[in-house]
Structures are given as structure tokens and as C-alpha cells.
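# Examining the three-dimensional arrangement
Spelled out from the first residue to the last, the chains are:
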Amino acid sequence: MVMGELVDEVDVAVVGGGPGGYSAAFRCAELGLETVVIDADGRLGGACLFEGCIPSKALLHVAAVVSEAERAREWGVDFGEPRISLDQLRKWKQERVVGKLARGLASVAKGKGVTVIGGRAVFEDSTTLRIEGESLQKVRFKHAIVATGSAPAPLPGIELRSDRVMDSTAALELPEIPERLLVIGGGYIGLELGTVYATLGSRVTLVEMTEGLLPGVDRDLVQPLQRRVEKLFAAVHLGTKVTALREAGGHVEATLEGQGAETFDRVLVAVGRRARSRGLGLEATGARLTERGAFVQIDERCRTHDPHLYAVGDVTGEPMLAHRAMRQGKVAAAALAGQPAAFDNVAVPAVVFTDPEIAWCGLSEAQAKSQGMETKVAKFQWAASGRAATIGRADGLTKLVADAASGRVVGVGIVGPGAGELIAEATLAVETAALVEDLAATIHAHPTLSESLMEAAESLLA
Amino acid sequence: MPRQFTLPDLGEGLTEAEIVAVLVHEGEVVREDAPLLEVETDKAQVEIPSPIGGRVEKIHVTPGQTVKVGAVLVTFADGATASAPSRAAAATPTAGVAPAAARSSRVAEAPTAPRASAPAGRPAPAAPAREAAPAGAGPVPATPATRRLARELGVDLRTVRGTGPGGRVLDTDVQAAAGAPAGAAPGGPAAASAPAPTAAARPPRPATREAAPPGPAKPLATIGLEPPPLPRFEQWGAVERVPLSHLRRTIAERMTLSATLIPHVTHFDRADITDLDAIITRNLERARERGVTLTLTAFLLRAAALALRAHPHFNASLDPAAGEMILKRYCHLGVAVATPRGLIVPVLRDVDAKPVLEIGRELGALAQRVREGRATLEDLRGGTFTITNIGALGGTGAIPIINYPEVAILGVSRARPQAVVRQGQIVPRLLLPLTLTFDHRVADGADGARFASEIVSLLEAPERLVGDL
């Protein structure tokens with residue numbers, strides 16, 4: 001029908017340019033496969049770089065500096081009240097952080113010979129993609145890797161289209177510092193962005209439907225964060241639902257179940273993310289979706305039910321984390337190149353970049369018990385850490401879960417500043433099936449927070 | 001209190017099995033569902049998983065031994081160390097038997113996806129997405145590098161006993177399990193007592209994997225007719241006596257049974273498959289893109305399934321004791337597959353309900369499982385009619401023997417271009433020789449001729465077979 005329709009023939013077509021997609025594409029190219037990435041925005045980085053991990057961490061760093069400066073008054077150093085230039089802050093985040101990384105990815109792609117095509121990709125069958133971009137185009141491939149990621153989930157039952165009601169993407173644009181901000185959702189996104197806005201000056205009210213912040217995370221780890229958040233935020237309502245949102249006179253009126261109506265200047269909806277698996281034409285292929293969540297079903301080699309299609313990242317399910325997607329991307333690339341690769345990772349670390357940070361990997365105490373494992377658990381309070389004292393933070397905790405029978409480290413949870421960095425050693429321990437004794441007998445630099453892992457391990461051996 | 005684990009009921013007609021490998025050793029603590037033994041029945045080689053978690057106190061069998069259903073295989077000490085809340089552990093040993101049998105086929109089947117570590121440029125067809133691991137079966141303790149080595153060597157880590165600290169599986173354990181330089185078995189006495197190339201060295205299991213030495217020779221089961229004694233052949237020259245493998249003995253027994261019991265009739269016919277052959281050739285590529293290797297056998301199966309619908313007497317069994325014919329309302333077709341170990345007949349389910357592409361897809365997967373020795377019991381039983389296609393090996397015709405207790409079998413030989421007279425002209429046509437052997441007790445020559453010609457006319461009008469191409 002279309003005259004002069006372009007058809008490209010490639011070895012691998014990667015759909016989606018996020019961390020899972022570009023990791024897969026780079027590895028495919030390294031393995032000598034001709035590879036294209038089709039990305040709706042025509043760029044590499046995805047939600048992680050443009051509307052997730054990276055910009056949020058840039059803003060959280062600013063928040064950390066502000067609150068650190070405030071705390072410095074206790075130590076006899078007064079910087080005065082911070083004056084925040086939003087324009088400059090936005091520019092720094094957008095150009096110096098996000099822009100720089102985006103340019104870096106683009107040049108890596110170029111160096112590896114990976115072509116990035118802008119446009120919406122739709123599968124016509126198991127070996128053909130139609131790309132609806134500036135021009136209509138088709139790509140025929142031997143293998144495709146679906147890496148379309150996820151998008152913020154809307155608030156069920158509430159339909160208010162307004163600039164004042166933001167999802168995480170909009171909130172990271174930092175349109176203003178609203179006087180009163182309602183955060184709906186006490187998961188990591190709501191807590192991270194709530195922290196940013198609260199530190200920059202908003203009065204933040206957080207509403208969480210369940211009875212605790214960070215549902216599913218070890219309560220021992222959540223407690224120190226909860227104490228801090230209750231101080232930082234104007235209000236935290238647990239076990240509370242938002243039943244209505246109404247825009248009125250430049251404000252948003254929110255009805256909180258059991259609390260009545262309250263007025264806010266802006267609302268952040270952070271109730272989770274959902275897979276971007278619809279509208280891709282997957283029904284024209286053999287790939288199958290799960291009934292719950294519409295995730296693309298894969299096996300441990302990241303293969304879908306269609307022999308031509310692989311899938312990686314958020315679109316394949318929880319945990320929706322960039323680093324899981326990146327590892328899967330490399331597995332998928334190696335697998336379709338005929339290597340015996342498998343996503344057999346035991347530990348996927350998770351980090352909540354709040355203040356204090358929370359990080360964990362492997363099994364929690366509760367998970368280990370529910371598997372019938374006899375556990376030994378050590379909790380090392382940072383109050384006993386020299387390094388924690390020197391930075392004025394004694395509220396941290398390092399928790400070690402070991403299998404009593406074998407002495408293996410099966411899980412670690414950490415709460416405290418820098419937990420996101422500290423979890424790396426723990427992840428290596430769990431992934432390599434290290435023993436508690438291995439951790440205890442490894443020299444840890446003094447004075448550092450990493451000693452807390454060694455201390456926790458030692459206490460189990462005693 | 002020790003618990004005894006007996007050979008589970010393996011299903012219809014199977015009363016004994018040969019122990020191929022013992023995958024655990026005395027004193028070892030095993031998890032529920034961990035592979036315990038590998039046995040070979042006359043149908044398949046299967047892994048028997050442990051019904052409970054606990055310490056293996058005594059192993060009562062050795063490889064090569066044939067055991068009857070109900071015989072004690074393993075005694076478990078009280079499963080004190082396995083504190084996992086195990087459903088089976090609570091059950092009595094006998095009660096545990098049936099679910100174990102059910103599991104055995106699943107366990108043998110489940111690892112197919114990871115095992116397909118073959119050239120993955122073409123992933124195994126329809127690889128099922130991984131199901132959640134059963135509760136309690138945690139990850140195998142090994143570093144990522146060791147896990148990669150295991151995948152490269154095709155070793156299923158779950159079957160390897162780790163000798164590292166805390167039970168960690170080391171590179172050397174993996175190499176030993178792969179049967180690499182057998183050298184110093186790092187596992188000491190424990191590893192030594194478990195045959196080194198056990199179930200561990202699975203995936204690239206070459207098709208030539210001759211089952212472990214078959215052990216001492218055993219007499220074939222008799223069927224009432226005693227064969228006369230053999231002469232002393234030694235008087236005419238030197239001879240060698242070789243024990244039959246379990247599979248060979250089974251084939252021998254069943255063929256004797258069939259040939260002795262069933263009055264066989266064979267009907268010959270030929271199908272002009274010139275058009276069908278063209279259709280196959282034209283669609284080869286398209287089918288391949290959909291992951292299917294299109295073969296004549298897939299069409300034969302489809303044709304037979306359709307013909308059986310119209311001739312249910314050939315989709316039946318005879319119950320002489322009851323004086324009844326058992327007509328089967330399902331159509332599961334067996335396909336004879338030659339393997340280096342001997343003839344095996346895997347079964348495709350509900351062939352009459354499937355389009356030809358799907359038949360081709362399942363046939364490909366099934367034949368591969370069979371050749372790799374990975375077929376499960378479920379793959380091999382429940383057939384209602386059998387097709388044996390020896391065309392690849394040449395010949396102009398063969399008279400097959402019925403696969404008891406079925407009542408008919410279709411033999412197919414090589415198709416050859418031949419001069420045929422059509423409307424007074426001699427034209428070259430591709431003719432496929434067919435031989436239908438059936439049980440004269442259930443059908444007569446005329447029935448057989450009608451059934452065969454139904455198959456022929458389906459093959460000659462291939463548009464009736466290919467709804468989905």
C-alpha cells in the first residue's frame with residue numbers, strides 16, 4: 001500500500017531504549033549481531049534516565065545537602081536559610097546530569113554500531129515490526145527483545161485531569177515548589193519525591209492505603225525511616241484511602257477517608273507502575289501475557305513463548321528495577337546468540353533513596369521463615385558504630401539473615417545513610433553463597449559503615 | 001522412625017523398572033522433590049524424586065537391578081534435618097507413593113527448558129515460561145561463575161552435591177558431575193558412592209547414551225508357549241553371549257505377545273502424494289518461521305486421525321475376556337522413533353483436534369525428547385493407533401507388527417516418482433507405499449481396505465488436511 005516502504009533486515013530489534021533495552025542492544029552488538037533499538041522517544045535511557053532513577057537521585061542529593069546543612073547548626077556551623085533557584089536547579093538536573101548521561105549513551109551506541117530509530121513499534125508478526133514514526137517503516141528481524149518497561153499507574157477510581165495532579169514523571173520536572181503537596185502512595189516513589197519536595201519547602205501530606213510505609217519491606221528497616229518521615233512531613237496517614245479529588249479555584253480538594261476534605265496546591269500520585277505490554281501488537285506473536293499485571297511471560301533465558309521474541313525488564317514483572325532489567329538484557333543477548341546464559345541471580349538488591357536510605361537483598365527474615373528455613377538473625381545497631389557517630393547518624397541498622405544449617409548468608413537489610421552503597425557487599429555475599437564466617441573474617445576498613453556487616457556477622461558466630 | 005520408600009506404581013501395565021542410576025548416597029540429606037533415582041521402564045527413563053525431605057539411611061538397590069513395583073528402594077531416617085513443612089512427609093510411605101509417581105513425570109519434564117542449552121539461536125519450541133520454584137527449594141549455593149560453568153557443561157546444579165563450605169557447589173563438583181576428567185573425586189567417599197556421570201550430566205546427553213551396562217541377563221517373560229531348547233551353537237564355532245538391554249527385552253516380549261496373540265492381516269496400498277509433496281515444499285520456509293519443521297509424518301498423522309474418526313474400529317482394543325470391543329473416544333497416535341537404544345513409540349495427544357502445524361510442532365519436540373532420552377512416561381503411553389514411517393531408510397514396503405494392545409498400525413515406506421497412467425497418458429507421479437496391518441479379530445479385509453483407502457484419498461486431496469497453512 002505504501003510506496004517505497006522501507007524495510008530493514010536486522011539480526012536483533014530491541015523495542016524500548018531503557019536500561020534493559022540498551023544493555024541488551026550493546027551486548028548484542030558486542031556479540032557481532034546487527035542490532036537496532038526502536039524507542040518511542042528516539043533516544044536511549046528510558047524512564048530510568050529521563051523520568052526516574054537519575055533525575056530523582058539528583059534531586060535527592062540536593063535534598064540531602066539541604067538537610068545536612070540544617071543539621072550542621074548542631075555542630076556549630078550555620079549556613080543560614082537556603083535560597084533555592086528552581087530554574088538553576090532544573091537546568092543542572094536536566095543538562096548537567098540527564099543530558100550528559102544521555103549524550104554518553106548515544107555515543108556508546110554509535111561506537112558499537114547500534115542504530116536507534118524513533119517511533120512507536122508494533123509487531124505485525126513474529127519477525128516483523130511496523131514503526132510509526134516520522135516515516136512509516138518496517139523492520140524484519142531474526143529476534144526481537146521486548147523492553148518497553150512500565151509507566152506510572154493511575155489512581156484507580158479517580159479521574160481528574162489537571163496539571164495539579166502529577167505522576168512521578170511530572171513531579172520530577174519540578175514545575176514549582178507547591179506550598180501544600182499531597183503524596184498518594186507510601187511506596188518508594190512517594191517517599192523519595194515526598195522527601196525532595198518537603199526538603200525544598202513544601203508541606204507534604206502522605207497518604208498510604210495499607211497500614212505501613214513501604215509495604216512488604218522488613219519493619220525493622222522501615223521504622224527508622226518512618227520516624228524521620230513523620231518529622232519531615234506535615235502529616236502521614238496510614239491505612240487511609242483518597243476517595244475523591246476535585247479541582248477548585250487553583251487548588252485541589254482531596255477527600256481522605258475518615259479525615260474529611262483537605263486542600264492542596266498539588267497532588268503526586270505514586271501508587272505503583274504497570275507494564276507497558278499493550279498496544280505493541282504482541283497478540284500477533286506467540287508471546288503470552290500474565291493474567292495479573294499483563295506482564296510478558298518469560299523463562300530464565302528471558303525467552304517468551306514465541307521462539308523469536310525475548311523480553312526483559314519491567315514489562316516482564318517485579319521487581320521493576322533498572323539493574324534487574326540490565327542483567328536480563330545481557331542474559332537475553334547472550335541467550336539469543338547461542339550462549340548458555342540464564343537469569344539465575346539469587347539476589348536482586350533494592351534501594352530506597354530516602355533519608356535514611358533503605359536497602360536489602362536476598363531473603364528477609366520473614367521470607368526465610370516462610371520457606372521453612374531455620375534462620376539465625378543478627379541486628380547491628382549503628383549506635384555502636386564509630387563511623388555513624390562521626391557523621392551524626394546513629395539511627396541506622398544492619399540486619400543479617402543466615403541459614404542456621406549451612407551458615408550461609410541468605411539475606412541482608414540495611415537502613416541508614418549510604419545503605420544503597422553498602423548493600424553491594426551484601427549482594428555479593430548472598431550471590432556467591434558466602435558464609436557468615438567469610439564476612440566476619442574479611443577485613444573491613446575502619447572507621448567505615450561497612451564494618452557494620454562484619455560486626456553483624458561476628459555477633460552470629462559468637 | 002525410619003521411613004521406607006517403595007517403587008511407586010508407574011502406571012498401566014508397568015510392573016517393574018530397571019535402576020539406571022542412584023543419585024544420592026547413604027547419609028545424604030535430601031530435599032523433598034530432589035531426584036533420588038533414575039529408572040528405566042519399558043516406556044521411558046524417568047527420575048524418581050524424593051517424596052520427603054530427610055536423611056537417606058539406606059539404599060536398597062543398585063544400578064542394573066530390576067525391581068518390582070512396591071519393592072523398597074530407600075530407607076529414610078526420621079527427617080529431622082528437613083524441617084521444611086513437607087506435605088508428603090506427613091503422609092505414610094504408602095500414601096506418598098501415588099503422588100510421587102505423578103511427580104516423577106513432571107520432574108523429568110520440568111527441566112527441559114534450562115536443558116535446552118543447545119545452540120540457542122533457535123530456542124526450544126514453545127519453551128514454557130518458568131513456573132515459580134516449589135517452595136522450600138531454594139537456590140543452589142554456587143557462585144555465578146560456577147553456575148555458568150554448569151550451564152556450559154550441561155550439568156543440572158540441583159543434582160550436584162556441593163563439597164564447598166556450607167555445601168557450596170564448586171567448579172570441581174560440577175566438572176566431576178559432568179564426567180570430565182574423572183580424576184580425584186573431590187567428594188571423598190560420598191561422591192564415590194554416587195556414580196559420577198549421574199543424572200547430572202544431562203542436557204547434551206548424546207543420543208548414543210547407551211543405558212548403563214544392562215546388568216545380568218534375565219529371561220524373557222513367557223506367554224504360555226515355551227520355545228524349544230536351543231542347540232549348542234558352540235559345536236559349530238565360537239559364540240558370544242550378550243545380555244539384552246532392558247529396552248531390547250521389552251521390545252522382544254511385546255512383539256512376541258503381539259505376533260503370537262493377534263491374527264495379523266496386512267493390506268497394501270499406494271497414495272499419490274505429488275500434490276501433498278508440493279504443498280510441503282512450498283510451505284517449508286513459512287512453517288520454519290513459525291518454529292515448525294514440516295514433515296510428511298505430520299500429514300500422515302493428520303490423515304490417520306481423520307480416517308480413524310470414520311473407522312472407529314481401528315481406534316480400539318479388544319477385551320477377549322469380556323467379549324467386548326473397547327472403542328476409544330480419543331485419538332492419541334503413536335509414532336515409532338528409532339533411537340540408538342532401540343524402538344520407542346512416543347504418543348501425540350488428541351491428534352484429531354489439532355491442525356497440521358501444531359502436530360508438526362509437537363512431533364518435533366516429542367521426537368527430540370525421545371532421542372535425547374528425556375521422554376516422560378506420559379509421552380509414551382495411552383496410544384490408540386501407531387504410525388511407523390521407515391521411508392527415510394528406504395525399502396519398498398514393510399509389514400509392521402501391531403503395537404499391542406492397539407489393533408492396527410500403518411507402515412509407510414519411501415515415496416518414489418513412478419510412471420503412472422492418467423487418462424491414457426504416462427505421467428510421473430510421486431507414490432507413497434502404505435501397509436496397514438490390523439487385528440483380524442476386530443475387522444475384516446474389506447474394513448481394512450476401506451480404512452486404508454480413506455487414508456489414501458485424504459493424502460491425495462491434501463486441501464482436506466491443511467486448514468491452517
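Residues numbered from 1 in each chain as written. Chains lettered and ligands numbered in written order. Predicted model: local features only at pLDDT ≥ 70, side-chain atom pairs only at ≥ 80, totals over all residues.

## What about the overall build of chain A?
Looking only at helices and strands, one finds 13 helices and 22 strands in chain A. For chain A, with 462 residues in total, the buried portion stands at 48%. Here the contacts in chain A between residues at least 6 apart in sequence split such that 66% fall between residues at least 24 apart. (Helix = DSSP H or I, 4+ residues; strand = E, 2+ residues; numbered from the N terminus. Buried ≥ 20, exposed ≤ 12 C-beta atoms within 10 Å, placed from the backbone. Contact = placed C-beta atoms within 7 Å.)

## Some words on the overall build of chain B
Helices and strands together make up the secondary structure of chain B, namely 12 helices and 19 strands. For chain B, the residues scored as buried account for 41% of the 469 residues in total. If you take every contact in chain B between residues at least 6 apart in sequence, the share linking residues at least 24 apart comes to 68%.

## A short note on unusual backbone geometry
Residue and element names in this part refer to chain A. For the bond from aspartate 355 to proline 356, the omega torsion is 0°, close enough to zero to count as cis. With respect to the element layout, proline 356 can be found in the loop between strand S18 (350-352) and strand S19 (358-362). Of note, the amide linkage connecting histidine 446 to proline 447 takes the cis form, showing an omega dihedral of -5°. Along the chain, proline 447 falls in the loop between helix H12 (436-441) and helix H13 (451-461). Phi is positive for cysteine 302, close to 70°, though the residue is something other than glycine.

## A word on the packing of helix H9 (residues 296-310) of chain B against helix H10 (residues 356-371) of chain B
All names here are of chain B. Running from N to C, H9 and H10 cross one another at 120°; their axes reach a closest spacing of 9 Å. On the basis of the axis angle, H9 is oblique to H10. In the crossing of H9 with H10, the sense of the turn from one axis to the other is right-handed. Within the contact between the two elements, H9 uses Thr297, Ala298, Phe299, Leu301 and Arg302 and H10 uses Val356, Ile359, Gly360 and Leu363. When its residues are assigned to classes, the contact of H9 with H10 shows 6 nonpolar, 2 polar and 1 charged. (Axes fitted to C-alpha atoms, helices over the stretch in contact; angles between N-to-C directions. Parallel < 35°, antiparallel > 145°, perpendicular 65-115°, else oblique. Left-handed = near helix turned anticlockwise from the far one by under 90°. Nonpolar A, V, L, I, M, F, W, Y, C, P; charged D, E, K, R; others polar.)

## Some words on the sheet that holds strand S20 (residues 375-381) of chain A
Residue and element names in this part refer to chain A. In spatial order, the strands read S18-S19-S22-S21-S20; together these 5 strands make up an open sheet with antiparallel pairing. If you trace the sheet from one side to the other, it starts and ends with S18 and S20, each paired once. Within the sheet, the average angular offset between the axes of one strand and its neighbour, ignoring direction, is 10°. (Pairing = 2+ DSSP bridges.)

## Considering the sheet that holds strand S6 (residues 54-59) of chain B
Residue and element names in this part refer to chain B. Taken together, the 4 strands give an open sheet; going across it, the order is S1-S8-S6-S3, and neighbouring strands pair in antiparallel fashion. Lying at the two open borders of the sheet, with one neighbouring strand each, are strand S1 (3-6) and strand S3 (29-30). Note that S1 and strand S8 (residues 72-76) share 4 bridges and pair antiparallel. Its bridge partner lying in S8, glutamine 4 is registered against threonine 75.

## Brief notes about the environment of alanine 384 of chain A
By the secondary structure assignment, alanine 384 of chain A is in the loop between S20 and helix H10 (386-390). The spacing of alanine 384 of chain A and glutamate 455 of chain A is 71 residues in sequence and 9.7 Å in space, taken between C-alpha atoms.

## A word on helix H11 (residues 419-431) of chain A
For H11 of chain A, with 13 residues, the first-to-last C-alpha span of 18 Å sits near the 18 Å given by 1.5 Å per residue. Glutamate 425 of chain A marks where H11 of chain A bends most, by close to 25°. In this structure, the buried side of H11 of chain A is in contact with S18, S19, strand S22 (409-415), H12 and H13 of chain A together with helix H4 (144-153) of chain B. Once H11 of chain A ends, the next one or two residues include alanine 433 of chain A, with phi positive near 60°. (Expected span 1.5 Å × (residues − 1). Bend = angle between axes of the 7 residues up to and from the residue.)

## Some points on the pairing of strand S19 (residues 425-439) of chain B
All names here are of chain B. Where strand S9 (residues 264-272) and S19 come together, 9 bridges link them in antiparallel fashion. In the sheet register, threonine 266 faces S19, and the bridge partner there is threonine 437. Examined bridge by bridge, strand S17 (residues 408-412) and S19 share 5 bridges and lie antiparallel to one another. Following the sheet pairing, leucine 410 is matched in S19 by leucine 436. Here strand S18 (residues 416-422) runs beside S19; their pairing, made up of 7 bridges, is antiparallel. Considered in S19, the bridge of alanine 419 is made with proline 428.

## Some points on the nonpolar core
Ile184, Val267, Leu268, Val409 and Ile423 of chain A are the most contacted members of the largest nonpolar core, which totals 93 residues. When near neighbours in sequence (up to four residues on either side) are disregarded, isoleucine 423 of chain A contacts Pro349, Val351, Ala359, Trp360, Cys361, Val412 and Ile414 of chain A. In terms of nonpolar packing, the next biggest core, distinct from the first, is built from 76 residues, Leu333, Val335, Val370 and Ala415 of chain B among them. (Core = buried A, V, L, I, M, F, W, Y, C linked by C-beta atoms within 7 Å.)

## Some details on H13 of chain A
Where H13 of chain A is concerned, the buried positions are Glu451, Ser452, Leu453, Met454, Glu455, Ala456 and Ala457 of chain A. Those residues of H13 of chain A hidden inside the fold are in contact with S20, H10, strand S21 (397-403), H11 and H12 of chain A.

## Thoughts on the confidence of the model for chain B
Residues and elements named next belong to chain B. In this model, chain B carries a mean pLDDT of 76, and residues with pLDDT of at least 70 account for 75%. Low pLDDT, under 50, characterises residues 79-136; the predicted model gives this stretch 116 contacts beyond four residues in sequence or across chains. Counting contacts from residues 180-214, a segment whose pLDDT is below 50, to residues more than four positions away or on other chains yields 80 contacts. Taken together, the chains of this predicted complex give a pTM of 0.58 and an interface ipTM of 0.79. (pLDDT = per-residue confidence, 0-100.)

## Focus: the pairing of strand S4 (residues 120-125) of chain A
All names here are of chain A. Two strands pair when backbone bridges link them, and S4 and strand S5 (residues 128-132) are joined in this way by 5 bridges, in the antiparallel orientation. Paired with alanine 121 across the two strands is isoleucine 131, which belongs to S5. The antiparallel hairpin formed by S4 and S5 contains 2 residues in its connecting segment.

## Considering the environment of proline 263 of chain B
On the secondary structure map, proline 263 of chain B appears in the loop between helix H7 (246-261) and S9. In contact with proline 263 of chain B, other than residues within four places in its own chain, are Asp439, His440 and Arg441 of chain B.

## Concerning the environment of isoleucine 279 of chain B
Tracing the backbone through its elements, the reader meets isoleucine 279 of chain B in helix H8 (residues 274-289). Taking the C-beta count within 10 Å as the criterion, isoleucine 279 of chain B has 18 such neighbours and is therefore assigned partly exposed.

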